[in-house]
Every structure is written in structure tokens, then in C-alpha cells.
Amino acid sequence: AQSVTQPDIHITVSEGASLELRCNYSYGATPYLFWYVQSPGQGLQLLLKYFSGDTLVQGIKGFEAEFKRSQSSFNLRKPSVHWSDAAEYFCAVGAPGGSYIPTFGRGTSLIVHP
Amino acid sequence: DAGITQSPRYKITETGRQVTLMCHQTWSHSYMFWYRQDLGHGLRLIYYSAAADITDKGEVPDGYVVSRSKTENFPLTLESATRSQTSVYFCAGGAGGANVLTFGAGSRLTVL
């Protein structure tokens with residue numbers, strides 16, 4: 001069965017610092033991978049997705065993620081964090097074919113210090 | 001373009017009462033989902049629907065009922081609410097099959 005692990009429950013960074021949120025997945029083939037962001041009191045919004053091709057994908061709000069098959073990872077990065085990036089971040093794994101229900105990680109809460 | 005609309009946004013009820021959370025989509029996503037979000041558990045899938053009149057259980061279906069008579073609506077009913085069902089509930093629609101999800105803003109339910 002597929003699974004997603006986000007090893008960090010909370011991450012604290014200073015505004016302007018770089019950010020990396022970790023995501024590891026377990027799946028038998030090449031998965032579809034996603035990062036979603038949830039701002040306080042809001043629903044989840046898709047940040048970026050990987051289906052195939054270039055393993056470095058660009059998303060909205062200046063985020064990027066890199067798919068590393070050898071490490072079963074899909075870490076989210078941002079070179080300079082803004083206070084408005086404080087939110088909950090969820091990694092998810094899906095599968096080609098469209099009928100596969102995506103599995104979400106438990107989320108990482110990002111705290112940004114001024 | 002509203003996407004996924006949930007109502008009510010906030011609901012307080014008492015143990016034993018029936019509660020229905022509504023979910024409406026303005027698009028034509030074939031898949032729709034209900035999740036609950038609780039501290040320490042992330043998002044847990046309650047039920048999902050692949051099309052009208054087709055529903056299936058997720059990870060935590062006990063105590064919940066769903067229906068999907070029309071593609072655009074996917075209500076979630078708690079037939080007899082319990083305190084453990086106090087949570088934030090999210091409805092989502094699936095684009096490109098089930099993989100890319102669009103979420104509603106959530107319904108915060110408190111069961112006293």
C-alpha cells in the first residue's frame with residue numbers, strides 16, 4: 001500500500017531564510033506527487049505537482065520541489081521565506097490512471113519568525 | 001468561479017443529533033471526497049465518490065453516511081453525532097481523475 005511520511009511536524013524559520021520541507025513516499029512504481037498548502041482557516045490549495053519528466057518542478061508562490069527516485073523523496077523548497085508563507089504544508093502521492101485515491105501525509109506546520 | 005462550496009462553515013450541535021454538511025461543486029469533477037482534519041492526524045478520508053450514485057468508504061467511515069444523487073452535490077450526514085466527531089471537515093473534487101484535488105474552505109463542527 002502507498003504511504004507518505006512528513007518527518008517534521010513543525011519547522012521554524014526566520015523570514016528571508018531558505019526552507020526545505022521533507023516528504024518521503026512509498027509506492028511500487030513512479031507516482032504522481034503533490035504539495036498542498038493550507039493557510040489558517042482555509043482549505044488546501046495545490047502548490048505544485050509532479051507527473052513525469054523534469055524532476056525539478058516549479059509551483060506557485062516561488063516554491064519548487066525535486067523528485068528523487070533513489071531516495072523516494074519529493075522535498076519542497078523555497079529560497080527566501082516570507083511571513084505570509086506561515087501555513088500547514090501537505091505532501092500527497094497519487095498514481096497514474098486517475099482512479100487511484102491520493103494519500104496525504106500528516107502535514108508540516110511552518111512557523112516564520114520576523 | 002466558486003469551485004467547491006461547503007455549508008455551513010460553522011456548526012455547533014449536541015450529541016445524538018443528526019447533522020448534514022453540504023458540498024456543492026460548480027465544475028464537473030467526477031470524483032468527490034470528504035476528509036476530516038484533526039490535530040495529530042492530518043487529513044483522513046471518510047468517504048469518496050467516483051460518480052453519481054457510486055460511493056465508497058475511506059479510512060474512517062464509521063458514523064457517517066453519504067449520498068450522491070447528482071454529480072454536483074455530495075452531502076455528508078452524521079446520523080447521531082458524537083463528541084469524537086468534533087472536527088474540521090473538508091470536501092474536495094478531483095480533476096484529472098482522482099489525483100489533483102480542489103478543496104472547499106471547510107466546515108468546523110463542534111459536538112457538545
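Residues numbered from 1 in each chain as written. Chains lettered and ligands numbered in written order. Predicted model: local features only at pLDDT ≥ 70, side-chain atom pairs only at ≥ 80, totals over all residues. Heavy atoms only, no water.

**Describing the overall build of chain B**
Counting its secondary structure elements, chain B contains 0 helices and 11 strands. Listed by position from the N terminus, the elements making up chain B come as β-β-β-β-β-β-β-β-β-β-β. On C-alpha atoms alone, chain B measures out to a radius of gyration of 13 Å, which is about the 13 Å that the 2.2 N^0.38 rule sets for 112 residues. Viewed in the frame of its principal axes, chain B has a C-alpha envelope of about 40 × 25 × 25 Å. When the 112 residues of chain B are sorted by exposure, 49% land in the buried category. Restricting the contact set of chain B to residue pairs at least 6 apart, pairs at least 24 apart contribute 54%. For chain B, the exposed surface amounts to about 5,200 Å²; the carbon and sulfur share of it is 49%. The positive charge centre, built from 10 side chains, and the negative charge centre, built from 9, are 7 Å apart in chain B. (Helix = DSSP H or I, 4+ residues; strand = E, 2+ residues; numbered from the N terminus. Rg over C-alpha atoms; globule rule 2.2 N^0.38 Å. Buried < 20%, exposed > 50% of the residue type's maximum accessible area, 1.4 Å probe, protein only. Contact = heavy atoms within 4.5 Å. Areas by Shrake-Rupley, 256 points an atom, 1.4 Å probe, with all protein chains shown as cover. Lys, Arg positive; Asp, Glu negative; His and termini not counted. Charge placed at Lys NZ, Arg CZ, Asp CG, Glu CD.)

**Brief notes about the sheet that holds strand S8 (residues 76–78) of chain B**
Residue and element names in this part refer to chain B. Spatially, 4 strands are ordered S1-S3-S8-S7 in an open sheet, and the strand pairing comes out antiparallel. Either end of the sheet is taken by a strand with one partner, and the two such strands are strand S1 (4–7) and strand S7 (64–66). The mean angle between the axes of side-by-side strands here comes to 20 degrees, regardless of whether they run parallel or antiparallel. As paired elements, strand S3 (residues 19–25) and S8 share 3 bridges and run antiparallel to each other. When the bridges of S8 are listed, Val19 appears paired with Leu78. (Pairing = 2+ DSSP bridges. Axes fitted to C-alpha atoms, helices over the stretch in contact; angles between N-to-C directions.)

**Details of the state of the cysteines**
Residue and element names in this part refer to chain A. For the structure shown, the criterion picks out 2 disulfides over all chains. There is a disulfide in this structure between Cys23 and Cys91, and the S-S distance comes to 1.9 Å. In this structure, the disulfide formed by Cys23 and Cys91 twists by about -65 degrees around the S-S bond and is classed as left-handed. With Cys23 in the loop between strand S3 (19–21) and strand S4 (24–26) and Cys91 in strand S10 (residues 87–94), this pair connects stretches of sequence that are 68 residues apart. When sorted by exposure, Cys23 lands in the same class as Cys91, which is buried. (Disulfide = S-S within 2.5 Å.)

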